[in-house]
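# Understanding the architecture of this molecule
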Amino acid sequence: MDSSRSLCCIVVLILFGISIQYQSSASEIDENQTGLLLVNVSEGSAKEIPDTLFGIFFEEINHAGAGGLWAELVSNRDFEFGDSSVPSPWAIIGNNSSVIVSTDLSSCFDRNKVALRVEVLCDNTGANVCPDGGIGVYNPGFWGMNIEQGKSYQLVFYLRSDEPVNLSVALTGSNGLTNLATTPVLVANASNWTKVMVTLEAEGTDPNSRLELRSTTKGVIWFDQVSLMPLDTYNGHGFRKDLFEMLQDLKPAFLRFPGGCFVEGAKLSNAFWWKETIGPWEERPGHFGDVWGYWTDDGLGHFEFLQLAEDLGALPVWVFNSGISHKEQVNTSNISPFVQDVLEGLEFARGASNSTWGSVRAEMGHPDSFDLRYVAVGNEDCEKKFPQYKGNYLKFHSAIKEAYPDIKIISNCDGSSKLLDHPADLYDFHIYASANDVFSNASRFMWTPDAIVFTSSQVYGTPSYWMQHFFKESNGATLIDSTLQDNNLSNSLIASSIKWRNETDDNDYIRIKVVNFGNNTVTLNISISGLENSLQPSGATKTILTSSNVMDENAFTCPKKIIPVETMLDKVGENMDVVLLPYSITSIDLLTKSISI
């Protein structure tokens, strides 16, 4: 398994029934590589951009959640994934003469019955003395646990034994030789399942650490639900800080969750079912994401996704299963239980704290309702041409609108080329295309899936991630007319312009964004009309995202090789020349006086 993973964080454009079209065009530039951009800021050409246009599509893929944004350090903490032998990635400390490890169905948790049975054959005295430090099991996390000196980690686990328990729990280096934190655990009576909570203070740093549970006392100990969480997660909500901040820096207006194919599953039994992901984490059964091929304990569940959206200051967009998986579909005549399940999921998010499902949310620590205004019925199901989708969709639509008439419902069907044949407030149109095709459809999208790459201890943004930063001020801005003059060469340029207010300095700006998709440097003349002498001579900047080689990427060895570079713009005027490098996106911010539209 690759030691790095990608956070599937996609800035997406939701197309409205009455859509806003970017007034931009592909330009054909002359053989001298010069072009002309006309920008008209007058009132008559301006259009308001919805404040919910750009946001994040989050999916549990490539361990974006489990082992990524969700800060749980123990992989397969519930032992549910695997067979009756040692469940991966757990491993034995010792040998066959000192310890026998297996699983059984003796857990106290009804929805995840698997427990780990550790039989210690050696002892602290006698003929078969345990080795120094004891024997037991260890967990290396998802790809090594990142343990940092001076930080605190909360270890929680459940154990049972017919004899008194004397354990040593420790955080060590990857080979078990370097001790980073350790503490004894003594339980005099563990004949019934007993919850143990200890805090480990790290005395060293290792991004490839592991958690060890050791004993030197002969007997049998059962373990279940072994969790290790850093105590410095964002707001104490369980989100890994560095990855959360990468998402937060995009200023998303919405968060689409829990994913795409992850919502459906190859089989319906392996889809994301919200009720299985709420309540105490120990009682969540977890499930196998059969599309992407790994187990998730669903610590990042329905509640946590809603909390994530709230923490990001984004509106949650809940995508629920429409009765369709990659291989199965529920007949519309049998869809009623699925519809009822969704209505209860909405009550969980929006219901009063004394309602049936709202009270469950309140017990989880959020008595106030979440601001859930958007739901999507299924994921790409219409495109797959499942015959049951539209019938199922209409059942969901009718029931949701009756119970929550204000909720906006998103269809999977593409309404960009023809009118939908069913009622929908919005539609969700996904594309999978080459860079050339995306460029030719620039008035609809720009799309690359993986924006953030990470290991247990490191993180960097891809060029796609940094490109999306150029659009984070577009929500709620004003779109102004931008026209690239056609000079009969190749389609190489595309541009758009907005007016926006900087929340930091409370000043108004015009932002002109231009993509040079060609391999030549272009001198672009920008002619701005309708300003009424409102440009300021200072405060203008030019920001460029590019690299000398079109195949360049960021990497852990050089995480900021390709990032936006900002410089001051000296010559500002209603007519000015700007140099556009090959294969680049350039943003020009011009400070203006306050302009009201």
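It should be noted that the structure appears before, not after, this text.
Bear in mind the structure is a predicted one, so any value in this text is a computation, not a measurement. (Residues numbered from 1 in each chain as written. Predicted model: local features only at pLDDT ≥ 70, side-chain atom pairs only at ≥ 80, totals over all residues. Heavy atoms only, no water.)

## Overview of the overall build of the protein chain
Applicable threshold: Comment: elements are numbered from the N terminus, with helices defined as DSSP H or I runs of at least four residues and strands as E runs of at least two. Each residue is assigned to one of three classes by its accessible area relative to the maximum for its type, calculated with a 1.4 Å probe on protein chains only: buried under 20%, partly exposed between the two thresholds, exposed over 50%. Between two residues, a contact is recorded if the distance between any of their heavy atoms is within 4.5 Å. Note on areas: Shrake-Rupley, 1.4 Å probe, and residue coverage restricted to the protein chains presented here.
When you go through the protein chain residue by residue, the secondary structure sums to eight helices and 35 strands. Of all 597 residues assigned to the protein chain, the portion counted as buried reaches 56%. A separation threshold of at least 6 residues defines the contact pool for the protein chain, and within that pool the share at least 24 residues apart is 75%. When the accessible surface of the protein chain is summed, it comes to about 25100 Å², and 49% of that surface belongs to carbon and sulfur atoms.

## Here's the deal with the state of the cysteines
Linking two cysteines covalently through their sulfur atoms gives a disulfide. Which entries qualify depends on this criterion: Here, a disulfide means two cysteine sulfur atoms that sit within 2.5 Å of each other.
A complete count under the given rule lists two disulfides for this structure. One disulfide bridge connects Cys122 with Cys130, the sulfur atoms lying 2.0 Å from each other. What sets the handedness of the Cys122 and Cys130 disulfide is the S-S torsion sign, and at about 95 degrees it is right-handed. By the burial criterion, Cys122 is buried, and Cys130 matches it. One disulfide bridge connects Cys382 with Cys413, the sulfur atoms lying 2.1 Å from each other. Every disulfide takes its handedness from the sign of the S-S torsion; for Cys382 and Cys413 that torsion is 100 degrees, giving right-handed. Highlighted residues: Cys382 in the loop between strand 23 (374-377) and helix 6 (389-403) and Cys413 in the loop between strand 24 (408-411) and strand 25 (426-427), separated in sequence by 31 residues. In this pair, the class of Cys382 matches that of Cys413, namely buried. Cysteine pairing for the protein chain, with bonded cysteines counted in sequence order: 1-2, 3-4.

## Some remarks on the pattern of salt bridges
The line we're drawing: We count a salt bridge whenever a side-chain nitrogen from Lys or Arg sits within 4 Å of a carboxyl oxygen from Asp or Glu.
Tallied over the full model, the rule gives 23 salt bridges. The partner of Asp297 in a salt bridge is Arg77, and the shortest N-O contact between them spans 3.1 Å. Of this pair, Asp297 sits in the loop between strand 21 (294-296) and helix 3 (302-312) while Arg77 sits in the loop between strand 7 (54-58) and strand 8 (91-93), and the two are 220 residues apart along the sequence. Arg77 shares its class with Asp297; the two are buried. Measuring nitrogen to oxygen at the nearest pair gives 2.7 Å for the salt bridge that ties Arg240 to Asp242. Judged by its relative accessible area of 24%, Asp242 falls in the partly exposed class. When salt bridges that share partners are traced, they join Lys251, Glu473, Arg511 and Asp589 into one network.

## Some details on unusual backbone geometry
Cis rather than trans, the peptide bond between Ser88 and Pro89 has omega equal to 0 degrees. Position of Pro89 among the secondary structure elements: in the loop between strand 7 and strand 8. Of note, the amide linkage connecting Phe257 to Pro258 takes the cis form, showing an omega dihedral of 0 degrees. With respect to the helices and strands, the residue Pro258 is situated in the loop between strand 19 (254-257) and helix 2 (261-264). For Asn235, which is not a glycine, the phi torsion comes out positive at approximately 60 degrees. Locating Asn235 in the fold gives a position in the loop between strand 18 (219-230) and helix 1 (241-248).

Geometric descriptors of this kind do not, in isolation, establish any biological role.
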